[in-house]
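Residue-level structure breakdown
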Amino acid sequence: AQSVAQPEDQVNVAEGNPLTVKCTYSVSGNPYLFWYVQYPNRGLQFLLKYITGDNLVKGSYGFEAEFNKSQTSFHLKKPSALVSDSALYFCAVRRSGGSYIPTFGRGTSLIVHP
Amino acid sequence: EAQVTQNPRYLITVTGKKLTVTCSQNMNHEYMSWYRQDPGLGLRQIYYSMNVEVTDKGDVPEGYKVSRKEKRNFPLILESPSPNQTSLYFCASSLSGGGSGELFFGEGSRLTVL
């Protein structure tokens, strides 16, 4: 079985400050990890993924995420938040080598205040 | 432009009236899937398809049917809709079912069953 936890329903941050959206996972074997963003009234958009290699992954819009195998975490980060980053963020995991059935977290609402 | 197209985007119907939500992708993707998004529950997979004529149940398949007669199309059928199927539905596709590729999502179809 595989699962994803996003422990915060909402994250508030001031514009210009660094942001972190947390994600922990559980999967047997090696994980494929993904972050998606959903803007209001839109579908989900891919931000970045970890497959293998460097634990720090860089993605779209200045976002990055760090894979930590010992803590089974894949937190999303950005050095300087923008008001336009306000959206719903989803973490997803699937087991490498298995069939493609990704499991999504419940989502974290990021609110960036001017 | 690479995209996943869903129709209709918005639909209000009544209990028991059969409906179909269409989904089409123009990226020659093998893998397609349907999700529903409900507040506090995140994304839950309804059905998925690894290729033409190959479909399988996700986490919440009850009350839904799908078919995959052509590679590009993956319609979601509600034979006898009920109010608990009121939700936001997303179709998604990916290059292959066994790889590390990210999902491409449609814009969503908001369904209300009265």
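Structural data are supplied above this passage.
All of the points below concern the structure found in this document. (Residues numbered from 1 in each chain as written. Chains lettered and ligands numbered in written order. Predicted model: local features only at pLDDT ≥ 70, side-chain atom pairs only at ≥ 80, totals over all residues. Heavy atoms only, no water.)

Topic: the overall build of chain B
Within chain B one finds zero helices and eleven strands. Each helix and strand of chain B, placed in order from N terminus to C terminus, yields the pattern β-β-β-β-β-β-β-β-β-β-β. The C-alpha radius of gyration computed for chain B amounts to 13 Å, which stays within 12% of the reference 13 Å derived for 114 residues, consistent with globular compactness. Viewed in the frame of its principal axes, chain B has a C-alpha envelope of about 40 × 30 × 30 Å. Of all 114 residues assigned to chain B, the portion counted as buried reaches 51%. (Helix = DSSP H or I, 4+ residues; strand = E, 2+ residues; numbered from the N terminus. Rg over C-alpha atoms; globule rule 2.2 N^0.38 Å. Buried < 20%, exposed > 50% of the residue type's maximum accessible area, 1.4 Å probe, protein only.)

A short note on the sheet that holds strand β8 (residues 76–78) of chain B
All names here are of chain B. If you walk across this open sheet you meet the four strands as β1-β3-β8-β7, and the pairing is antiparallel. Looking at which strands have only one partner, the edges of the open sheet turn out to be β1 (4–7) and β7 (65–66). Note that β1 and strand β3 (residues 19–25) share four bridges and pair antiparallel. The partner of Asn7 across the bridge, within β3, is Thr22. (Pairing = 2+ DSSP bridges.)

As for the interface of chain B and chain A
Taken together, the contacts link 25 residues of chain B with 22 residues of chain A. Area buried by chain B at its contact with chain A is led by Leu43(B), Ser100(B) and Glu102(B), which between them contribute 26% of it. Where chain B meets chain A, there are two salt bridges. Across the salt bridge formed by Glu102(B) and Lys49(A), the nearest N and O atoms sit 3.1 Å from each other. On the surface where chain B and chain A come into contact, there are five residue pairs in polar contact (both at pLDDT 80 or more). (Contact = heavy atoms within 4.5 Å. Buried area = accessible area lost by both parts, 1.4 Å probe. Salt bridge = Lys/Arg side-chain N within 4 Å of Asp/Glu carboxyl O. Polar contact = N/O pair within 3.5 Å; in protein donor to acceptor, adjacent residues only side chain to side chain.)

Remarks on the pairing of strand β4 (residues 31–38) of chain B
For a regular strand, the rule is simple: side chains alternate between the two faces of the sheet. Residue and element names in this part refer to chain B. Along β4, eight of the eight residues are buried, which leaves the element largely enclosed by surrounding structure. On β4, burial covers both faces: Tyr31, Ser33, Tyr35 and Gln37 on one face and Met32, Trp34, Arg36 and Asp38 on the other are all buried. In terms of strand pairing, β4 meets strand β9 (residues 87–94) through seven bridges, oriented antiparallel. Across the sheet, Ser33 pairs through a bridge with Ala92, a residue of β9.

Concerning the environment of Gln2(A)
Residues and elements named next belong to chain A. As for its placement among the helices and strands, Gln2 is situated in the segment before β1 (3–5). Distance in space between the C-alpha atoms of Gln2 and Thr103 is 6.9 Å, their sequence separation being 101 residues. Beyond its immediate stretch of four places on either side in the chain, Gln2 contacts Ser26, Val27, Val93, Arg94, Arg95, Ile101, Pro102 and Thr103. One polar contact links Gln2 to Thr103, side chain to side chain, over a distance of 3.1 Å.

A word on the environment of Phe46(A)
Note on placement: Phe46(A) falls in strand β6 (residues 44–50). Sequence spacing of Phe46(A) and Tyr36(A) is ten residues, and the spatial spacing of their C-alpha atoms is 4.5 Å.

Focus: the state of the cysteines
Using the criterion set out here, one finds two disulfides over all chains in the structure. In this model Cys23(A) forms its disulfide with Cys91(A); the gap between the sulfur atoms is 2.0 Å. On the sign convention where negative means left-handed, the S-S torsion of about -65° between Cys23(A) and Cys91(A) marks this disulfide as left-handed. Of this pair, Cys23(A) sits in the loop between β3 (19–21) and β4 (24–26) while Cys91(A) is found in strand β10 (residues 87–95), placing the two residues 68 residues apart along the sequence. Take Cys23(A): its relative accessible area is 0%, and that puts it in the buried class. By relative accessible area, Cys91(A) is classed as buried at 0%. There is a disulfide in this structure between Cys23(B) and Cys91(B), and the S-S distance comes to 1.9 Å. (Disulfide = S-S within 2.5 Å.)

Re the pairing of strand β6 (residues 54–57) of chain B
All names here are of chain B. By the bridge criterion, four bridges tie strand β5 (residues 42–51) to β6 in an arrangement that is antiparallel. The partner of Tyr48 across the bridge, within β6, is Asp56. The turn linking β5 back onto β6 is made up of two residues, and Glu53 within it adopts a positive phi angle of 65°.

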